[in-house]
Amino acid sequence: APLLPCSHALISDFIDKNGVGPVIYLKIKEMGLLEKIPEVLEAHLRYTYQRNAARNFALEIELERCLMALNQKGIQAMLLKGAITFVKPIYPHAGLRFLSDIDFLVKSQEFAKAVAILEDLGYTSDGDYLLSHHHHQSFTHQTGIGFIELHHCPVSLRYADWIDLESWWAEADAVTLGRASALIPSPEHQMLHLLLHNGMSHYGRLLSHIGRQLDFALNVEFYRNEIDWETIGKRIGLLKLLEVYLY
């Protein structure tokens, strides 16, 4: 049945809230069906795809710049969440994933040094920060290009004892982004982080947010032959996971 005129805005809003516009646009384009959808909806999807691809390209360049500055001071940062898609082809195209910010982890003893480096690059913090009260500090670049969350712990301190941070660093994989070097968590730690982050930081939005479901599914597919789910289960436990998502 044809879409009602008032439906276009509702559909666009639903797609935007779930962060799947670029994926839907590319899939419809690959199927040769763009001319089958309303022109106003096609234009919105195309704009969303192009804007996100351009934004991610700029973020990738900015991430390399930050990592290079950290490298020059002897700091190896560990990429988290969406930042990993810049070094691993989890998505078929880097412009398909929405990134609200760039997340990376540094060791707690290097945190103050990393903050100073980011400030030298033109970043400003969102306010006072106490290492003992928060697991990350947010930064915005003066040009508006970059939004960074600098972590000393990958999860909220409320759940810090649920993870073995030493094993995160010991089992991390080395990667490169352009001229910069970095680390990424092991596949098991990446899965664990996605489950915990979506549950505790977004109140179980993995269960209701299509974009997060897609992200999790693509990560599972990408690491299908590398994930040891038994290890993940032992590290967190089903009861703890249910607590994150149900309470």
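Use the structure listed above.
Because the structure is predicted, anything quoted here is derived from the model rather than measured.

Counting its regular elements, the protein chain contains 9 helices and 7 strands. Per-residue burial for the protein chain yields a buried fraction of 49% across its 247 residues. Taking as baseline every contact in the protein chain between residues at least 6 positions apart, the subset at least 24 positions apart corresponds to 65%. By element, 56% of the accessible surface of the protein chain is carried by carbon and sulfur atoms, the whole surface being about 12900 Å².

All right, on to unusual backbone geometry then. A positive phi angle is found at K81, which is not glycine, with a value near 50°. Residue position: K81 is located in the loop between β1 (78-80) and β2 (102-105).

This next bit is on the packing of aromatic side chains. Going through the model one piece at a time under the given rule, you end up with 2 aromatic pairs. Consider the rings of F222 and Y223, whose centres lie 4.9 Å apart with planes at 85°: the pair is edge-to-face. Accessibility expressed as a relative area gives 2% for Y223, which makes it buried. Geometry around W169 places K107 over its ring, the cationic atom sitting 5.3 Å from the centre.

Turning to its location among the elements, E149 is positioned in strand β5 (residues 147-151). Sequence-distant contacts of E149, that is, excluding residues within four places in its chain, are made with D101, I102, D103, F104, H136, Q137 and S138.

Once that is clear, we can look at helix α3 (residues 39-72). With 34 residues, α3 should reach 50 Å at 1.5 Å per residue; the first-to-last C-alpha distance of 50 Å fits that figure. G74 occupies a position one or two residues after α3 and carries a positive phi of about 80°.

What follows covers the pairing of β2. Along β2, one buried face is formed by I102 and F104 and the opposite face, lined by D103 and L105, is buried too. Two strands pair when backbone bridges link them, and β1 and β2 are joined in this way by 3 bridges, in the antiparallel orientation. In the strand pairing of β2, L80 is matched with D103. The sheet contact formed by β2 and β5 spans 4 bridges and is parallel. Along β5, the bridge assignment pairs F104 with L150.

Thresholds applied
Residues numbered from 1 in each chain as written. Predicted model: local features only at pLDDT ≥ 70, side-chain atom pairs only at ≥ 80, totals over all residues. Heavy atoms only, no water. Helix = DSSP H or I, 4+ residues; strand = E, 2+ residues; numbered from the N terminus. Buried < 20%, exposed > 50% of the residue type's maximum accessible area, 1.4 Å probe, protein only. Contact = heavy atoms within 4.5 Å. Areas by Shrake-Rupley, 256 points an atom, 1.4 Å probe, with all protein chains shown as cover. Phe/Tyr/Trp six-rings, centres within 6.5 Å; stacked < 30°, edge-to-face > 60°. Lys NZ or Arg CZ within 6 Å of the ring centre and 35° of its normal. Expected span 1.5 Å × (residues − 1). Pairing = 2+ DSSP bridges.

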